[in-house]
There are 2 protein chains.
Amino acid sequence: MVVISNYLINNPYKLTSLNTFAEKYESAKSSISEDIVIIKRAFEEIEIGHIQTVTGAGGGVIFTPSISTQDSKEIINELREKLSESDRILPGGYIYLSDLLSTPSILKNIGRIIAKSFIDQKIDAVMTVATKGVPLANAVANVLNVPFVIVRRDLKITEGSTVSVNYVSGSSDRIEKMFLSKRSLKAGSRVLIVDDFLKGGGTINGMISLLTEFDSELAGVAVFADNAQEDREQQFDYKSLLKVTNIDVKNQRIDVEVGNIFDAEK
Amino acid sequence: MVVISNYLINNPYKLTSLNTFAEKYESAKSSISEDIVIIKRAFEEIEIGHIQTVTGAGGGVIFTPSISTQDSKEIINELREKLSESDRILPGGYIYLSDLLSTPSILKNIGRIIAKSFIDQKIDAVMTVATKGVPLANAVANVLNVPFVIVRRDLKITEGSTVSVNYVSGSSDRIEKMFLSKRSLKAGSRVLIVDDFLKGGGTINGMISLLTEFDSELAGVAVFADNAQEDREQQFDYKSLLKVTNIDVKNQRIDVEVGNIFDAEK
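Residues numbered from 1 in each chain as written. Chains lettered and ligands numbered in written order. Predicted model: local features only at pLDDT ≥ 70, side-chain atom pairs only at ≥ 80, totals over all residues.

The subject of this paragraph is the overall build of chain A. Per the secondary structure count, chain A includes seven helices and twelve strands. For chain A, the C-alpha atoms occupy an extent of roughly 65 × 45 × 30 Å along the three principal directions. Here chain A holds 266 residues, and the buried ones make up 41% of them. Here the contacts in chain A between residues at least 6 apart in sequence split such that 59% fall between residues at least 24 apart. (Helix = DSSP H or I, 4+ residues; strand = E, 2+ residues; numbered from the N terminus. Buried ≥ 20, exposed ≤ 12 C-beta atoms within 10 Å, placed from the backbone. Contact = placed C-beta atoms within 7 Å.)

Before going further, it helps to spend a moment on the relation of the copies chain A and chain B. Mapping chain A onto chain B calls for a rotation angle of 180° and an axial translation of 0.0 Å; the resulting RMSD is 0.0 Å. Between the two chains, the operation in question is that of a two-fold axis. Take the interface residues of chain A: 100% of them recur as interface residues in chain B, which is what a same-surface contact looks like. (Least-squares fit on C-alpha atoms with pLDDT ≥ 70 in both.)

It is worth spelling out the interface of chain A and chain B at this point. Where the parts come together, the accessible area they lose is often given as the size of the interface. Each side of the interface is counted separately: chain A has 41 residues, and chain B has 41 residues. Elements with a minimum of two residues in the side of chain A that touches chain B: helix H1 (2-10), helix H3 (29-45), helix H5 (104-117), helix H6 (133-144) and strand E6 (148-151) of chain A. Grouping the amino acids of the side of chain A that touches chain B by side-chain chemistry returns 22 nonpolar, 15 polar and four charged. (Nonpolar A, V, L, I, M, F, W, Y, C, P; charged D, E, K, R; others polar.)

What follows concerns helix H4 (residues 69-83) of chain A. Its 15 residues place the ends of H4 of chain A 21 Å apart at the C-alpha level, agreeing with the 21 Å of an ideal helix rising 1.5 Å per residue. Residues of H4 of chain A that are buried sit in contact with H5, strand E10 (217-227), strand E11 (239-248) and strand E12 (253-258) of chain A. (Expected span 1.5 Å × (residues − 1).)

Residues and elements named next belong to chain A. The omega angle of the peptide bond from Ala130 to Thr131 is -5°, so this bond is cis rather than trans. The backbone phi angle of Tyr13 is positive, close to 55°, even though this residue is not glycine. With respect to the helices and strands, the residue Tyr13 is situated in the loop between H1 and helix H2 (18-25). Using a count of 14 C-beta atoms within 10 Å as the deciding quantity, one classes Tyr13 as partly exposed. At Glu47, a position not held by glycine, the phi torsion is positive, near 55°.

This part covers the domain arrangement of chain A. Residues and elements named next belong to chain A. Along its sequence, chain A is organised into domain 1 (2-65) and domain 2 (69-258). Contact with domain 1, which involves five residues of that partner, is made by six residues of domain 2. Here the residues of the side of domain 1 that touches domain 2 are counted per class, giving three nonpolar, one polar and one charged. (Domains from an automatic or database assignment.)

With that settled, the discussion passes to the sheet that holds E10 of chain A. All names here are of chain A. Across the sheet, which stays open at both edges, the six strands sit in the order E6-E5-E9-E10-E11-E12 with mixed pairing between neighbours. For this open sheet the edge positions go to E6 and E12, each flanked by a neighbour on one side alone. Going across the sheet, the axis of each strand differs from the next one's by a mean of 25°, ignoring polarity. Bridge count for E10 against E11 is five bridges, and the pairing is parallel. (Pairing = 2+ DSSP bridges. Axes fitted to C-alpha atoms, helices over the stretch in contact; angles between N-to-C directions.)

The next subject is the pairing of strand E5 (residues 125-129) of chain A. Residue and element names in this part refer to chain A. Judged by how many residues are buried, E5 sits mostly within the fold: five of five residues are covered. Neither face of E5 is exposed, since Ala125, Met127 and Val129 on one face and Val126 and Thr128 on the opposite face are all buried. In terms of strand pairing, E5 meets strand E9 (residues 190-198) through three bridges, oriented parallel. The residue bridging Met127 from the neighbouring strand is Ile193, located in E9. Looking at chain direction, E5 and E6 are connected through four bridges and run parallel. The residue bridging Val129 from the neighbouring strand is Val151, located in E6. Crossover E5 to E6 through H6 is right-handed. (Right-handed = clockwise from strand over helix to strand, strands pointing away.)

This paragraph deals with the nonpolar core. Core analysis: the largest hydrophobic core is formed by 106 residues, its most contacted members being Val126 and Val140 of chain A together with Val126 and Val140 of chain B. Look past the residues within four positions of Val140 of chain A in its chain and what remains in contact with it is Gly111, Ile114, Ala115, Val126, Leu192 and Val194 of chain A. Judged by nonpolar contacts, the second largest core, of 25 residues, contains Leu8 and Ile39 of chain A together with Met1 and Phe63 of chain B. (Core = buried A, V, L, I, M, F, W, Y, C linked by C-beta atoms within 7 Å.)

As a further point, take the confidence of the model for chain A. The predicted coordinates of low-pLDDT regions are not to be read in fine detail. Residues and elements named next belong to chain A. Counting all residues, the mean pLDDT for chain A is 92, and 97% of those residues have values of 70 or more. Averaged over each element, pLDDT in chain A is lowest for H1 (89) and highest for E5 (97). Both confidence scores are given for the complex: pTM 0.93, ipTM 0.91. (pLDDT = per-residue confidence, 0-100.)

Here it is, written out as structure tokens:
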């Protein structure tokens, strides 16, 4: 039972037949079936996810990870407090985020929260822009068990042929270029875009236009933090975990609220 | 039992007291103790890790993830075959790796294999260089449950104060600079350096000299693939998962062997 639950946790969103378990762990199918009923109840009780049973030939079980709304809210509140620490303010009114986005325990939770909020969407890949978005995209992709694709702002020889688009860099009003390796995204993919900090929205608009170039479709946009001070021409819907409402460089004060990620839930 | 094993899997290398479990899951300490004995046996049977019991006040259980040598070898053999695919050769004799290093199921396994091979080392952080090393470092850090730090080749405003060192770029013989945010690594850390592809070794030498600047210590070096064609002045020991022995651009052929990661094991 421990072994089966471990397998399911490590293979989310993957249909596994009872025969596979029976062979792998040398048990009768009936006893595996009973174990799965117990695991299902335990997973639902502590809200770590759902186990769905697909009947018939080609059937099996699928584990969909989840997280309870209460846990999500506690986690986001802790992050809100951390992000409000005054020593995060950098010259120019930037905020230092790298420590939060490089701690595995935080990333795992963020991944679960974002994945849960897109649970009704079919997602084939997670897209982000180098470098700071990578751990976030990686975390969400881990939970969804899909590949992630990394858009670059510079051209690297090790990426092979690339497709590029122009975008308006948010902070300045410059036009810049972003690149995506041609083989990194299959045509017809449904893509979730993830980024660390939403300012002008230019980077995300750039990634959306890349999706068109790859004949792919936008499944949604999720950001770790949204800068609500920034004026932007809104061209896409997004979900944010946190919302920065004010950065006061003079008094070294950052005001952070919970983002819109829970707005759809009751 | 399912719930406790899930907790342990998600909180590796963390000492948790039996009281914590008792409170969290509203059970008697004695029944939790019995559950842990069963989980321990199951984890060891399928070789997903060890559970160590620390007795006395401040005691509890710690889960150390592992992976069986047989599984590791199978996984590395699959990767060896994938890396040998001729369509990975890019103009200039570079190899396209990005797809392997952006698939969560592959990354999780690589993380477990690398973490296991440094199991006797105390590691406080995993270090890599942007961008391609990030998912690898993230994967290893996930297993070790420690933060990862990202060294950059360009200077970003959102990193705050940085320390920089010069290094010899492997491919060319140019001197370049790499940067690490001052607050990203605590003094006195023992650091595991992880990178995707070892060529001349200049990047890794650069990171090692950064460690000195941060009064930190090298715990080890692990690379996904090692280019054995390359001459290099060896200044550090490293473990590699794969070894590229020949890239024949004309005949579109890549020869890949298993790296030295299993050399210490019998």
